[in-house]
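Understanding the architecture of this molecule
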Amino acid sequence: MESSNRKIVYSAAQPSGNLTIGNYAGAVGNWVRMQKEYDCFYAIADLHAITVRQEPSELRRRTLELAALYVACGIDPEHCALYVQSNVSAHAELAWVLNTLTYVGEMERMTQFKDKSQKHADNINMGLMDYPVLMAADILLYQADYVPVGVDQKQHVEITRDIANRFNNRYGETFRVPEPLILKSGAKIMSLQDPARKMSKSDENPNASVYLSDDRDTVIRKFKRAVTDSESCVRASADKPGITNLLTIYSVFKGCSVAEAEKEFSGVGYGDFKSAVGETVADALAPVQAEQKRLLADKGYLGGILSSGAERAFKAARKTLSKVYCKVGFYRGE
Ligand code: AQP
């Protein structure tokens, strides 16, 4: 990744479980499309992942699996910096400084914090609350212009903008203020079992989420069981959240608009529609899974990608961090 005048993009996903088709639609799929046009930093957010209890050996395994999946989905490590967040210590260092410009009240109001506090009531730790500040540090370190995320993370990009402006006002122009990039379609894929909730990789109900690692039969079975409504008309509308979600998923994986999908399935019954969505998703996942498996068989190659990605990221991050340390008045030697 040569330094250039191109706009900068930062995004990440946590190795907190297998990626879902929601993560693909809202994030990774866009990352692939953006890598030719922008200077991209794509991370595996393991520091964020430990805000919820993780089994250490599984976290390590998932980190490597996620790296392989990024590459299998089409992330080109020659074009972008692909790395593990904890391998670049500047993320945690900048987060500490930004903490001093962030208020407890605003963190308590974050939707994700409220949701996760309910879900993990026995472990409401400081890291869970501080998640958005670490995310702000991730983004601001690279002076990112754009952050491609799903709708669920929009609030976190907004607080990042607030923190950046606060720092700039107090210490002078230091951070570029980033914009969230949210696609119109696929920005929020919902659970197959409860279309009022977002599809999540850590959902306890295995039928609620379709994982990028699910085999063909599992994918088709999950779609067949998807919760819909009692009508039989394939149409996107607010009172048909299940069918609307399936149409959105179909449009993402087929590469068409929701309106085109509606037309294709007009007059088709729910059973056949669900099978068609399942087949389409399974067809799209098969080559990704085969490539991920091939990559995981060569751990040395993957390790090389991650260490050169971390080096590139470190170079860029260090510049910003030095500026920040200087602005806040930290002694750096004479
Ligand atoms: N259902 C979704 N639809 C569209 N985009 C989504 N994203 C997540 N779920 C959906 C986007 O995926 C990116 C990576 O997410 P993450 O791993 O950082 O964390 P998350 O948003 O908390 O995702 P999960 O799947 O819900 O993880 P868990 O269950 O561990 O909390 C982000 O850009 C996100 O917007």
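Throughout what follows, the structure given in this document is the object of discussion. Once a new chain begins, its residue numbering starts again from 1 and follows that chain's sequence as written. With pLDDT at 70 or above as the cut-off, local features in this predicted model cover only qualifying residues; side-chain atom pairs require 80 or more to be listed or tallied, and sums for whole chains, interfaces and linings still use all residues. For side-chain calculations, the full set of non-hydrogen atoms in the structure is used, while hydrogens and water are omitted.

Overview of the site of the ligand
We call a residue near a molecule or strand when any one of its heavy atoms sits within 4 Å of it. Neighbouring the ligand are 24 residues, the closest being Asp 152, Ile 189, Ser 200, Lys 201 and Ser 202. Here a polar contact means two N or O atoms within 3.5 Å. Within protein one must be a hydrogen donor candidate and the other an acceptor candidate, and residues neighboring in sequence count only if both atoms are side-chain atoms. Between an oxygen atom of the ligand and a side-chain N or O atom of Asn 23, the distance comes to 3.2 Å. A distance of 2.9 Å separates a nitrogen atom of the ligand from a polar backbone atom of Met 199. For the ligand, the accessible surface in isolation is 640 Å², of which the surrounding protein chains cover 97%. In DSSP terms, a helix is any run of H or I states spanning at least four residues, a strand is any run of E spanning at least two, and both are numbered starting from the N terminus. Sorting the residues of the shell around the ligand by element identifies β1 (8-13), α1 (21-34) and α6 (111-119) as the ones contributing at least two each. In terms of residue count, α1 provides more of the shell around the ligand than any other element does, four residues in total. Methods summary: accessible areas were calculated by the Shrake-Rupley approach with a probe of 1.4 Å, and residue burial reflects only the protein chains presented.

Looking at the packing of helix α3 (residues 56-73) against helix α12 (residues 270-296)
Axis separation between α3 and α12 bottoms out at 8 Å; the angle between their running directions is 130 degrees. The angle between α3 and α12 places the two elements in the oblique class. The handedness of the crossing between α3 and α12 comes out as right-handed. Mapping the contact onto sequence places Leu 64, Glu 65, Ala 68, Leu 69, Val 71, Ala 72 and Cys 73 in α3 and Val 288, Glu 291, Gln 292, Leu 295 and Leu 296 in α12. Axis angles are defined between N-to-C directions and span 0 to 180 degrees, where every axis is a line fitted to C-alpha atoms and, for a helix, only to the segment in contact. Roughly parallel means an angle under 35 degrees; roughly antiparallel, over 145; roughly perpendicular, 65 to 115; everything else is oblique. For any helix crossing, the convention is left-handed if the near helix is rotated counterclockwise from the far helix by under a right angle, and right-handed if that rotation is clockwise. Contact between two residues is taken to exist if any of their heavy atoms lie within 4.5 Å; hydrogens are not considered.

Topic: the environment of Gly 29
Within the element layout of this structure, Gly 29 appears in helix α1. On a C-alpha basis, the gap between Gly 29 and Cys 73 in space is 7.4 Å, while along the polypeptide they are 44 residues apart.

Describing α1
When the terminal C-alpha atoms of α1 are compared, their 18 Å separation across 14 residues agrees well with the 20 Å that a helix rising 1.5 Å per residue should span. Across the chain, bend at a residue is computed as the angle between axes fitted to the seven residues ending at that point and the seven starting from it. Taking the largest bend as the criterion, α1 deviates by roughly 35 degrees, centred on Ala 27. A simple rule labels every residue: compare its accessible area, found with a 1.4 Å probe on the protein chains alone, to the largest value its type can have, and call it buried under 20%, exposed over 50%, or partly exposed in between. Within α1, ten of the 14 residues are buried, leaving the element largely enclosed by the surrounding structure. All buried positions along α1 are accounted for by Ile 21, Gly 22, Ala 25, Gly 26, Ala 27, Val 28, Gly 29, Asn 30, Trp 31 and Met 34. The opening residue of α1, the one whose side-chain oxygen lies 3.0 Å from the backbone nitrogen of Gly 22, is Thr 20. The span expected for a helix works out to 1.5 Å for each residue beyond the first.

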